[in-house]
Amino acid sequence: MRAVLMAGGSGTRLRPLTCDLPKPMVPILNRPIAQHIINLLRRHRITEVIATLHYLPDIMRDYFQDGSDFGVQMTYAVEEDQPLGTAGCVKNVAELLDDTFLVISGDSITDIDLSAVVRFHKERQSKATIVLTNVPNPIEFGVVIIDDHQRIKRFLEKPSSSEIFSDTVNTGIYILEPEVLEYLPFNQETDFSKDLFPLMLEKGEPMYGFVADGYWCDVGHLDAYREAQYAALYQRVKLEFDYTERSPGLWVGQNTYIDPTAHIETPTLIGHNCRIGARAQLTSGTVIGDNVLVGADADLKRPIIWNGVIIGEEAHLRACVAARGTRVDRRASVLEGAIVGSLSTVGEEASVNPNVRIWPSKKIEPGAILNMNLIWGHAAHRNLFGLRGVSGLANVDITPEFAVRLGAAFGSTLKPSSQVTVSRDQRSISRMVTRSLIAGLMSVGISVQHLEATSIPVSRTVAPKLAVVGGVHVRVHPERGDHILIEFFDQKGINLSKGREKKIEGAYFKEDFRRAQIQEIGNVVYVNQAADIYSASFERLLNSEAIRNSNSKVVLDYVYAVSGAILPQLLGKFGCDAVVLNASLSHLVPTIADREVLLNQLGHVVEALKANLGMQVSANGEQLILVDESGSTIRGEMLTALMVHMILTDRPRGTVVVPVNASSAVEQIARRHDGKVIRTKANPTALMEACHTNANVVLGGSGEMGFIFPQLHPGFDAMFCIAKLIEMLSLQQHDHFNTSPRTLGHIRAELPRVSHRTITVRCPWAVKGALMRHLVETHPPESLDLTDGVKIFNHSHDSWILVLPDAGEPLVHLYADSHDRGWVDETLREYRASVQEFVDYDHGLDENQLEEVE
């Protein structure tokens with residue numbers, strides 16, 4: 001006897017498990033459903049199998065091939081153009097069916113006695129025998145009524161609750177005579193229950209129902225999938241295990257190592273080539289696929305884990321499904337009924353809430369809490385806004401669809417008919433995102449002053465002059481070349497406050513958008529004078545005569561991130577010789593390693609040309625690294641100190657604003673010039689706000705973030721910084737008798753010598769708050785500064801240590817600052833050990849699970 005295995009289903013109700021897998025290939029006990037069906041057929045001596053395929057047919061063909069490895073002979077028939085239905089696909093192979101044959105669905109788990117069904121069919125001389133079973137809720141299935149002789153009298157395909165007249169349902173298993181296919185047309189979609197069987201009933205053909213006693217489950221939805229998996233593991237259905245039963249109820253594959261301290265309850269199945277870590281907890285009902293790694297102290301309560309999954313240390317999985325190749329990182333949680341699609345990642349300490357579905361190839365960020373399905377896009381973030389604006393993978397997270405919604409969300413927080421500026425860098429991806437943002441803004445009645453491609457310092461300068469209520473700038477992320485960064489600022493050019501960011505997030509996630517009437521749709525005006533407005537402000541704030549008299553030669557490196565830069569033109573107006581390197585757009589965004597190579601080349605060029613200085617510009621005109629006349633780089637804390645020294649020499653008794661983690665050299669320099677230092681939280685918005693709200697601020701920022709010149713605009717500006725440096729070098733001569741400009745080398749030699757060092761330590765999200773509280777409670781109040789994180793002063797050494805939680809990662813940063821290098825090194829070692837000890841105690845971690853990053 002031949003069997004037709006109907007295996008064409010796409011399994012839409014099993015999404016996301018069937019996004020990249022046909023439903024018959026979904027695993028039960030780590031083997032495809034279809035393999036269990038073939039095993040059943042083989043046990044009943046049915047070894048010629050014709051598989052009808054439609055959705056992703058190559059996956060099944062590649063797995064079973066000719067069937068010889070499974071003890072059967074396989075033939076395949078593919079429905080190329082469209083699905084033909086349950087009956088149509090069988091009609092499609094009618095020429096192969098010249099005798100009594102069996103039809104069975106490829107998406108059910110059963111151990112029904114097929115031999116008994118065939119005997120029954122022949123004894124009754126039936127033309128069609130339908131295998132029936134009793135179920136408690138027949139709404140999902142075709143209901144069948146039979147008489148006392150088991151002849152079918154009536155049936156109804158998937159009745160409503162008011163139409164139920166029996167709990168005896170159709171299993172999708174049929175024994176048929178080949179002549180019944182003559183009732184069906186060729187190449188048309190037809191169904192057994194809707195078309196063929198009603199017609200045969202009408203014609204009076206002998207049709208019988210065999211009420212089976214065995215187990216049967218239609219794996220048509222996710223709850224049924226879990227039920228079938230557990231039924232198989234608890235042996236309520238007779239399926240074949242491909243693994244050795246190492247002890248009663250514990251099946252383990254070959255080359256699998258289980259740490260002696262792991263605790264495993266039975267029944268549990270663990271596949272081939274697995275590693276189960278120390279103290280891992282596996283409760284009864286757990287199914288683990290082949291090639292799976294389970295980290296130490298992981299807690300698994302009845303999850304279904306497919307092949308190639310990585311479970312991190314102390315991860316928690318509860319009655320969920322982790323599909324092929326997924327990764328659940330350290331201390332992440334996937335809760336009851338959740339589905340993690342293939343090749344997805346759940347980041348450290350992230351939580352996937354009950355019944356949430358994650359489609360394949362998604363990434364849940366560390367610490368995120370996902371409480372709704374993740375289908376489109378790529379990542380679920382803890383918040384929409386990060387440390388600076390909204391960022392994500394270009395054209396994966398930050399897509400046109402996303403940008404339209406984000407623009408509508410921003411616009412919905414503004415008054416109707418308001419105007420905003422929109423600008424971008426020169427990348428094509430930024431142009432695409434900008435256009436989508438504009439569409440979203442217009443849809444909620446906001447008009448746009450479009451600055452097109454320009455640097456963000458220009459955008460911030462222009463905003464107050466155009467009388468807009470805010471602005472948006474889109475650019476490639478300065479630190480991650482495959483990410484887009486979207487920044488929002490107010491009418492003054494200052495980054496939005498956290499309160500306003502929360503309003504935008506609320507509108508975005510609730511989709512609480514104000515829809516404008518046709519006559520209220522916003523419009524777009526293209527602004528052509530943005531560069532002129534910036535240039536006028538730029539020139540007004542500089543001593544043009546001093547710059548001209550310097551006869552400076554500078555080398556500018558744009559690291560293939562900008563073309564048509566404005567700075568060389570501005571410097572040219574002051575008589576400076578500006579040599580420009582790499583001022584074109586490369587196809588690929590330069591990596592950090594690329595920038596370091598170019599920085600080294602810049603040093604050689606500066607030295608060879610005998611230039612006064614060089615500058616590498618990054619972050620769309622916001623950040624810079626200096627190179628002195630000898631080709632040596634000046635960056636980070638050295639650059640912060642140099643700029644503070646130069647500005648306060650030029651503007652004594654001025655106020656400088658720096659982040660809380662900046663070197664104490666800033667205070668030492670300020671004391672020399674009767675200056676004042678204000679420290680803020682270590683984020684761009686805090687620096688901008690402090691520069692704007694405090695009197696007599698002459699400089700803000702740091703070497704890491706860039707420098708703010710509040711008289712020009714409230715943001716960071718590397719272009720103005722270089723011009724101001726040239727001016728100050730010219731003005732600040734060694735003495736009245738030396739008319740040559742000072743060099744950066746001279747300035748650097750005058751800076752205070754301070755040892756300032758930082759390390760980064762892994763710290764779970766859930767521990768950060770407790771760690772900060774612990775530090776506050778264990779140190780005297782007079783030694784603490786709580787501006788951002790916890791800064792602890794050691795007054796006897798004129799030193800401090802800062803413990804600063806990272807805003808976007810499960811990390812804490814330790815900064816130590818002193819004139820004594822030995823104190824810095826020893827204090828960092830002490831506090832690193834203290835942080836690790838606290839985290840170990842609070843969460844029971846092994847010390848090796850924390851990682852230091854220099």
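Sequence order as written defines residue numbering, which begins from 1 separately in each chain. Since the coordinates come from a predicted model, pLDDT governs what is reported: local features require at least 70, and pairs of side-chain atoms require 80 or more to be given and counted, while whole-chain, interface and lining totals use all residues. Side-chain metrics rest on all non-hydrogen atoms present in the structure, leaving aside hydrogens and water.

Would you mind going over the overall build of the chain with me for this structure?
Strands here are runs of E lasting at least two residues and helices are runs of H or I lasting at least four, both read from the DSSP assignment and numbered beginning at the N terminus. When you go through the chain residue by residue, the secondary structure sums to 21 helices and 57 strands. Dimensions of the chain along its principal axes, counting C-alpha atoms only, are 120 × 65 × 50 Å. Burial here depends on accessible area, computed with a 1.4 Å probe over protein chains only, as a share of the maximum for the residue type. Under 20% is buried, over 50% is exposed, and the range in between is partly exposed. The buried share of the chain, reckoned over its 854 residues, is 58%. Here, residues are in contact when the closest pair of their heavy atoms is within 4.5 Å. Long-range pairs, those at least 24 residues apart, make up 58% of the contacts in the chain between residues at least 6 apart in sequence. Summed over all atoms, the accessible surface of the chain reaches about 35,000 Å², with 47% contributed by carbon and sulfur. Only four residue types enter the charge count: Lys and Arg as positive, Asp and Glu as negative, with His and the chain ends excluded. In plain terms, the charge of a residue is placed at NZ if it is Lys, CZ if Arg, CG if Asp and CD if Glu. With 82 positive and 103 negative side-chain charges, the chain shows a separation of 4 Å between the mean positions of the two kinds. Accessibility throughout is a Shrake-Rupley quantity obtained with a 1.4 Å probe, and a residue counts as covered only by protein chains that appear here.

Looking at this structure, how should I read the sheet that holds strand S49 (residues 676–680)?
Backbone hydrogen bonds are what pair the strands of a sheet, in a parallel or an antiparallel way. Spatially, S49-S48-S50-S51 is the arrangement adopted by the four strands of the open sheet, whose pairing is mixed. The strands lining the two open edges of the sheet, one partner per strand, are S49 and strand S51 (706–708). On average, each strand axis in the sheet is tilted by 20° relative to the strand beside it, whichever way the strands run. In this structure, strand S48 (residues 655–659) lies alongside strand S50 (residues 697–702), joined through three bridges in parallel fashion. Each residue of the ladder has a partner; that of valine 657, found in S50, is glycine 700. Between N-to-C directions, angles cover 0 to 180 degrees, with each direction set by a line fitted to C-alpha atoms, over the stretch in contact for helices. Each of S48, S49, S50 and S51 touches helix H17 (residues 684–693); the most contacted strand, S48, lies at about 165° to it. DSSP-based pairing: two strands are paired if at least 2 bridges between them are found.

I keep staring at the packing of helix H9 (residues 456–465) against helix H11 (residues 530–540) and nothing clicks. Help me out?
When two helices pack together, their arrangement is captured by the angle between the axes and the distance separating the axes. Running from N to C, H9 and H11 cross one another at 90°; their axes reach a closest spacing of 9 Å. With respect to H11, the element H9 is oriented roughly perpendicular. Across the interface between the two elements, Pro457, Val458, Thr461, Val462 and Lys465 of H9 pack against Ala530, Ala531, Ile533, Tyr534 and Ser537 of H11. Throughout this description, any angle smaller than 35 degrees is read as roughly parallel, any larger than 145 degrees as roughly antiparallel, any in the 65 to 115 degree range as roughly perpendicular, and the remainder as oblique.

Explain the environment of valine 93 here, please?
On the secondary structure map, valine 93 appears in the loop between helix H3 (85–91) and strand S6 (101–105). Those residues in contact with valine 93, other than ones at most four positions away along the chain, are Ile50 and Ala77.

I tried to follow the side chain of aspartate 191 on my own but got confused; where do I start?
Counting through the fold element by element, aspartate 191 comes out in the loop between strand S11 (168–176) and helix H5 (192–203). In what follows, salt bridge is the name for a side-chain nitrogen of Lys or Arg lying within 4 Å of a carboxyl oxygen of Asp or Glu. Of the side chains with opposite charge, lysine 194 comes closest to the buried, unpaired aspartate 191, at an N-O distance of 5.8 Å. A distance of 3.1 Å separates a polar side-chain atom of aspartate 191 from the backbone nitrogen of lysine 194. Those residues in contact with aspartate 191 that sit more than four places away from it in its chain are Thr86, Ala87 and Leu196. Polar contact is defined as a pair of N or O atoms within 3.5 Å, subject to the rule that within protein one atom must be able to donate a hydrogen and the other to accept it, and that residues adjacent in sequence are counted only when both atoms are side-chain atoms.

Just to check I follow, could you spell out the pattern of salt bridges for this structure?
Once their charged atoms are close, side chains differing in charge can pair, the charge on each being opposite to the other. Enumeration according to the criterion identifies 37 salt bridges in this entry. The partner of arginine 236 in a salt bridge is glutamate 227, with the nearest N and O atoms 3.7 Å apart. Between arginine 405 and glutamate 511 there is a salt bridge, with the nearest N and O atoms lying 3.4 Å from each other. Residue arginine 405 is located in helix H7 (residues 400–412), and its partner glutamate 511 is located in the loop between helix H10 (498–510) and strand S42 (524–526); the two are separated by 106 residues in the primary sequence. Taking relative accessible area as the criterion, arginine 405 reaches 27% and is therefore assigned partly exposed.

Help me out: how do you make sense of the pairing of strand S12 (residues 207–211) in this one?
For a regular strand, the rule is simple: side chains alternate between the two faces of the sheet. When you tally the buried positions in S12, you get four out of five residues, the bulk of the element. With five bridges connecting them, strand S8 (residues 128–134) and S12 associate as parallel partners. Within S12, the position partnered with leucine 132 by the bridge is valine 211.

I keep staring at helix H14 (residues 592–609) and nothing clicks. Help me out?
Residue pairs spaced three or four apart in an α-helix point in one direction, given the helix's 3.6 residues per turn. Given a helix with a known number of residues, its expected span is that number minus one, times 1.5 Å. The end-to-end C-alpha separation of H14 is 25 Å, in line with the 26 Å expected for 18 residues at 1.5 Å each. Buried within H14 are the following residues: Arg595, Leu598, Leu599, Leu602, Gly603 and Val606. Buried residues of H14, viewed axially, fall in a sector of 155°; they line one side. Across H14 from its buried face, at more than 90 degrees, point the exposed residues Ala593, His604 and Ala608. One or two positions beyond H14, positive phi appears at lysine 610, with a value near 55°. Think of the arc as the fan of directions from the helix axis to the C-beta atoms.

Please explain the environment of proline 360 as it appears in this structure.
Position of proline 360 relative to the elements: it lies in the loop between strand S33 (357–358) and strand S34 (363–364). Proline 360 gets classed as buried once you look at its relative accessible area, which sits at 14%. Spatially, the C-alpha atom of proline 360 lies 9.7 Å from that of arginine 15, the residues being 345 residues apart in sequence. With residues near it in sequence (within four places) discarded, proline 360 still touches Pro16, Cys19, Asp20, Gly341, Ser342 and Ser344.

What's the story with the packing of aromatic side chains in this structure? I'm lost.
Centre distance and the angle of the planes are the two values used to describe a pair of aromatic rings. Pairing of aromatic rings covers Phe, Tyr and the six-membered ring of Trp, with a centre-to-centre limit of 6.5 Å; geometry is then stacked below 30 degrees between planes, edge-to-face above 60, and tilted otherwise. Per the stated rule, a full pass over the model turns up 17 aromatic pairs. Where phenylalanine 192 meets phenylalanine 197, the ring centres are 5.5 Å apart and the plane angle is 25°; that geometry is what we call stacked. Here phenylalanine 197 falls in the buried class, since its relative accessible area comes to 1%. Centre to centre, the rings of phenylalanine 385 and phenylalanine 488 are 5.6 Å apart; their planes meet at 55°, and the pair counts as tilted. On the criterion of sequence distance, the pair formed by phenylalanine 385 in the loop between strand S36 (379–380) and strand S37 (390–393) and phenylalanine 488 in strand S41 (residues 483–490) is long-range, its members being 103 residues apart. This pair shows no difference in class: phenylalanine 385 is buried, exactly as phenylalanine 488 is. Through a chain of ring-to-ring contacts, the aromatic side chains of Tyr534, Phe538, Phe709 and Phe720 assemble into a single cluster.

Explain the nonpolar core to me, please; I cannot follow it from the model alone.
If you look at soluble globular proteins, the nonpolar side chains tend to sit buried side by side. Leu5, Ile28, Met60, Ile109, Tyr225 and Trp306 are the most contacted members of the largest nonpolar core, which has 69 residues in total. Examining the composition of this core, we find that eight residues originate from one element, helix H6 (residues 222–233), more than from any other. The next biggest cluster of nonpolar side chains, apart from the first, holds 64 residues, and it includes Val462, Tyr558, Val617 and Ala670. Nonpolar cores were defined as sets of buried Ala, Val, Leu, Ile, Met, Phe, Trp, Tyr and Cys residues, with membership established by side-chain atoms within 4.5 Å.

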